[in-house]
Amino acid sequence: MAAAGGKLPSSGSRSSKDPAVMFIVGSKIQKVRLIHMKKSANKKGFLVDETLSEKVTHIISELETQDQVVKSLKKSHPSSDVEKICGQCHVVTLEYFTSCMEEGIFVEVCDHHRLKTGKRVAPIMQSKTEENPYENAKYCCQRITPLHSVNKKFSDALELLEKHADFLGGDNNLGRALAFRKASAALRAYPKQIKSMGDVEDLYDLKGGKHCKRIIQELLEDGFSTEVENIQGDEWFEVMQAFTGIFGCGPATARKWYDLGHRTLDDIRRSEYSNLSIEQRKGLEHFTDLNTPVTRREAEKIHSIVKTEAERILPGVTVIMTGGFIRGKDSGHDVDFLISHPEEGREEELLAQLLQNLRAHLIYTDVQRNTYGEAPISVKRQSVMDHFERCFSIFKLPKDEDVVTTSGIDEERIHADEEEPSSPCKKLKTSGRSSGSTHGTSENESKSWIARRVDFVMTPASQHAFALMGWTGSRMFCRSIRDYANKEMNMILTSHGLFDKVNNCSLEAKTEREIFQHLNLTYREPHERNC
Ligand code: UTP
Ligand code: MN
């Protein structure tokens, strides 16, 4: 494979004909990740050197400053003239590496890619003023991201690309998906309508993103993006949307089914039924219901049912509806409850009894015990799943007249012309759904209830504030604040606690505000965390 091309640094004595060569500093990068990065770069034709030499043009590092890079390289390469080599090449961040992988070439090194000499970079580039209320902050947890953005057209387009990359899977695409999401989050937080490329030029998370900028430019100039339209009209994408709309089916399973030749839910019912998990069978069975957004009114009804039962069993219990609804969304794909008691440990026996009392409402439950006693917080760094006792369930919510009209769950609806183009149900229009099918098609028009996804999460008082922050989301906000804690504060934040790596101790918090204070961050209300 030909080497990926790229501009050489202007400083130094090399000829511009020399190929660009990267060297990745191992410090602070997990071994498996490092191996993977090297593999992906090699696969894309980049030259990656294992040893530091004068041939190297780009030094990539997760460390915070050039000084730290020099220090680390001096240890690993005691016989090289580290200072000289670093002085004549680009010493850049992992963000730079991601941009290169996304574009397939050594992209131009911008100022924000470069690791600074000396102490850490100030995270806020431009403070808000009265004329410009936007803080072009590095991390989206520092910005205000409202639910409704004036730049929805742009962020929707980028989020479609995010979903597409997510469906494609593999580390490289997941990295691309994150880059699209970060760019979308930056636009969602930008309070003025984007009118020209100049508006987005300096936004964090867009600076190196040529791909994102191309989409924004197309939208600005033509009103639409060909790439976005192609994805929307793509059969594979449409089928992937439908399959991942099945509860318990992620992109990897959906891809597998597609590759086996399946195109409709009926194909899955016919050919894969015996291989399906119970979760997936339930997902297929209640596909229409579970793909009809849960309205706030329905969520509140479920909240009231759960709260009443929980209080009956354990007076003083708190049942908080978190997730998208606490951030102000009017609908969501599920309802998330955080259940706790002011007295540490009192919640322990509650879940089993609660599920027992709610059994008339529960069509499906998957209970997982807590595992937070098994490893200290510092070890559970950035883990995707938390360790609380929980139950993922499907809840049978009785319909009332108003609920039926607002949720629009009629079987007819999936054949209606006004169906959203991006809805996973649209696929069913052409799939000859359910008639003649033998498995799991019990959804029918006459039933007096609607199936809703409900998550119950049990949190001890001491971890409650951290769990609340984790489950309030958004996913991107949590990712960002954890990243900020780690990189800017040298702390580990999870849904269980906050660990100070410098002082080697855990920091307590009773409220989310206290967590923001520990992190030296301005408090953001849940409705400001819609990134
Ligand atoms: P959701 O996936 O429910 O997202 O997770 P949401 O924002 O409420 O979106 P809709 O409205 O349902 O579609 C809510 C939050 O809970 C966290 C996620 O990271 C997100 O921030 N979460 C979810 C966990 O911490 N652990 C999990 O196992 C699942
Ligand atoms: Mn949710």
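In what follows, the structure referred to is the one given above.
The model shown is predicted, which means the values in this text are computed figures rather than measured ones. (Residues numbered from 1 in each chain as written. Chains lettered and ligands numbered in written order. Predicted model: local features only at pLDDT ≥ 70, side-chain atom pairs only at ≥ 80, totals over all residues. Heavy atoms only, no water.)

Novice: Could you give an account of the overall build of the protein chain, naming the residues involved and the relevant values?
Specialist: Broken down by element type, the protein chain carries 21 helices and 14 strands. At a minimum sequence separation of 6, the contacts of the protein chain that also span at least 24 residues come to 70%. Accessible surface, the protein chain: about 25000 Å² in total, of which carbon and sulfur atoms supply 49%. (Helix = DSSP H or I, 4+ residues; strand = E, 2+ residues; numbered from the N terminus. Contact = heavy atoms within 4.5 Å. Areas by Shrake-Rupley, 256 points an atom, 1.4 Å probe, with all protein chains shown as cover.)

Novice: Give a description of the packing of aromatic side chains that names residues and reports values.
Specialist: Two aromatic rings, taken as a pair, are described by how far apart their centres are and by the angle between their planes. If you walk through the whole model with that rule in mind, you get 10 aromatic pairs. Residues Phe46 and Phe106 carry aromatic rings whose centres are separated by 5.0 Å and whose planes lie at 70 degrees to one another, so their mutual orientation is edge-to-face. With Phe46 in the loop between helix H1 (31–43) and strand E2 (47–48) and Phe106 in the loop between helix H4 (94–103) and helix H5 (152–168), this pair connects stretches of sequence that are 60 residues apart. Overall, Phe106 belongs to the buried group, its relative accessible area being 3%. What links up through ring pairs into an aromatic cluster is the set Phe167, Trp236 and Phe237. The aromatic ring of Tyr258 is capped on one face by Arg263, whose charged end is 3.5 Å from the ring centroid. (Phe/Tyr/Trp six-rings, centres within 6.5 Å; stacked < 30°, edge-to-face > 60°. Buried < 20%, exposed > 50% of the residue type's maximum accessible area, 1.4 Å probe, protein only. Lys NZ or Arg CZ within 6 Å of the ring centre and 35° of its normal.)

Novice: Talk me through the environment of Arg269; I want residue IDs and the actual numbers.
Specialist: Its place among the elements puts Arg269 in helix H12 (residues 265–271). Considered as a pair, Arg269 and Glu285 are 16 residues apart in the sequence and their alpha carbons are 9.5 Å apart. Polar contacts involving the side chain of Arg269 include one to the main-chain carbonyl oxygen of Leu284, which spans 3.3 Å. (Polar contact = N/O pair within 3.5 Å; in protein donor to acceptor, adjacent residues only side chain to side chain.)

Novice: So what's going on with unusual backbone geometry? Residues and values would help.
Specialist: With omega at -5 degrees, the peptide bond leading from Gly473 into Ser474 counts as cis. Structurally, Ser474 can be placed in the loop between helix H19 (464–472) and helix H20 (475–489). One non-glycine residue, Asn490, lies in the positive phi region at around 60 degrees. Mapped onto the fold, Asn490 is located in the loop between H20 and strand E12 (491–493). On the basis of relative accessible area, Asn490 is assigned to the partly exposed category, the value being 30%. Phi at Asn520 is positive, roughly 60 degrees, even though this residue is not glycine. The topology assignment puts Asn520 in the segment after helix H21 (512–518). Its relative accessible area of 62% is what places Asn520 among the exposed residues.

Novice: I'd like a description of the environment of Gln368, backed by residues and values.
Specialist: Its location among the elements puts Gln368 in strand E9 (residues 362–368). The class for Gln368 is partly exposed, based on a relative accessible area of 28%. When the C-alpha positions of Gln368 and Glu389 are compared, they lie 5.5 Å apart, and in sequence the two are 21 residues distant. Ignoring anything within four residues of it in the chain, the contact list for Gln368 reads Met385, Phe388, Glu389, Arg390 and Phe392.

Novice: Any details on the site of ligand 1? Residues and values, ideally.
Specialist: Taken together, 16 residues are adjacent to ligand 1, and Gly324, Lys329, His333, Asp334 and Arg475 come closest. A distance of 2.8 Å separates an oxygen atom of ligand 1 from a polar backbone atom of Gly324. Between an oxygen atom of ligand 1 and a side-chain N or O atom of Asp334, the distance comes to 2.8 Å. Compared with its free state, where it exposes 590 Å², ligand 1 has 84% of that area covered by protein. Within the residue set of the shell around ligand 1, elements represented by two or more residues are helix H16 (323–326) and H19. (Near = heavy atom within 4 Å.)

Novice: Give me the lowdown on the nonpolar core, citing residues and values where you can.
Specialist: Core analysis: the biggest nonpolar cluster contains 39 residues, and Leu158, Leu187, Val200, Leu206, Ile216 and Phe243 have the highest contact counts within it. Going through the elements one at a time, H5, helix H6 (171–189), helix H7 (197–200), helix H8 (210–222), helix H9 (226–232), helix H10 (235–244), helix H11 (251–259) and H12 are the ones with two or more residues in this core. The biggest single contributor to this core is H5, with 7 residues. Beyond its immediate sequence surroundings of up to four residues, Phe243 is in contact with Cys249, Ala254, Trp257, Tyr258, His262, Arg263, Thr264, Leu265 and Ile268. (Core = buried A, V, L, I, M, F, W, Y, C linked by side-chain atoms within 4.5 Å.)

Novice: Tell me about H10, residues and numbers included.
Specialist: Within H10, 7 of the 10 residues are buried, leaving the element largely enclosed by the surrounding structure. For H10, every residue scored as buried is listed here: Trp236, Phe237, Val239, Met240, Gln241, Ala242 and Phe243. Elements that come into contact with the buried residues of H10 comprise H5, H9, H11, H12 and helix H14 (287–290).

Novice: Describe the environment of Glu347, and please don't skip the residues or the numbers.
Specialist: Here Glu347 shows up in the loop between strand E8 (335–340) and helix H17 (350–357). Glu347 gets classed as buried once you look at its relative accessible area, which sits at 2%. As for Glu347 and Ala461, which are separated by 114 residues in sequence, their C-alpha atoms are 8.7 Å apart. Apart from residues no more than four positions distant in its own chain, Glu347 is found in contact with Leu314, Ser340, His341, Tyr372, Met458, Thr459 and Pro460.

Novice: Describe the sheet that holds E9, listing the residues and the values that go with them.
Specialist: To summarise the sheet geometry, strands pair through backbone hydrogen bonds and adopt either a parallel or an antiparallel arrangement. Reading across the sheet, the 5 strands line up as E6-E8-E11-E10-E9 and stay open at both edges, with mixed pairing between neighbours. Two strands in the sheet have a free side with no partner beyond their single neighbour: strand E6 (318–321) and E9. Strand after strand, the sheet turns through a mean of 25 degrees between neighbouring axes, direction not considered. Relative to strand E10 (residues 389–398), E9 runs antiparallel, the two sharing 6 bridges. In the sheet register, Thr365 faces E10, and the bridge partner there is Ser393. Its contacts with the sheet put helix H15 (residues 296–313) on E6, E8, E10 and strand E11 (449–458), and the angle it makes with E6 is roughly 170 degrees. Against the sheet, H17 contacts E8, E9, E10 and E11, and its axis sits at roughly 165 degrees relative to E11. (Pairing = 2+ DSSP bridges. Axes fitted to C-alpha atoms, helices over the stretch in contact; angles between N-to-C directions.)

Novice: A description of the packing of H5 against H10 should follow, citing residues and the corresponding values.
Specialist: Two elements in contact, H5 and H10, have axes whose closest approach is 11 Å; the angle formed by their N-to-C orientations is 80 degrees. On the basis of the axis angle, H5 is roughly perpendicular to H10. Of H10, the residues touching H5 (which contributes Leu160, Lys163, His164, Phe167 and Leu168) are Trp236, Phe237, Met240, Gln241 and Thr244. Here the residues of the contact of H5 with H10 are counted per class, giving 6 nonpolar, 3 polar and 1 charged. (Parallel < 35°, antiparallel > 145°, perpendicular 65-115°, else oblique. Nonpolar A, V, L, I, M, F, W, Y, C, P; charged D, E, K, R; others polar.)

Read these as layout, nothing more, since geometry by itself doesn't imply function.
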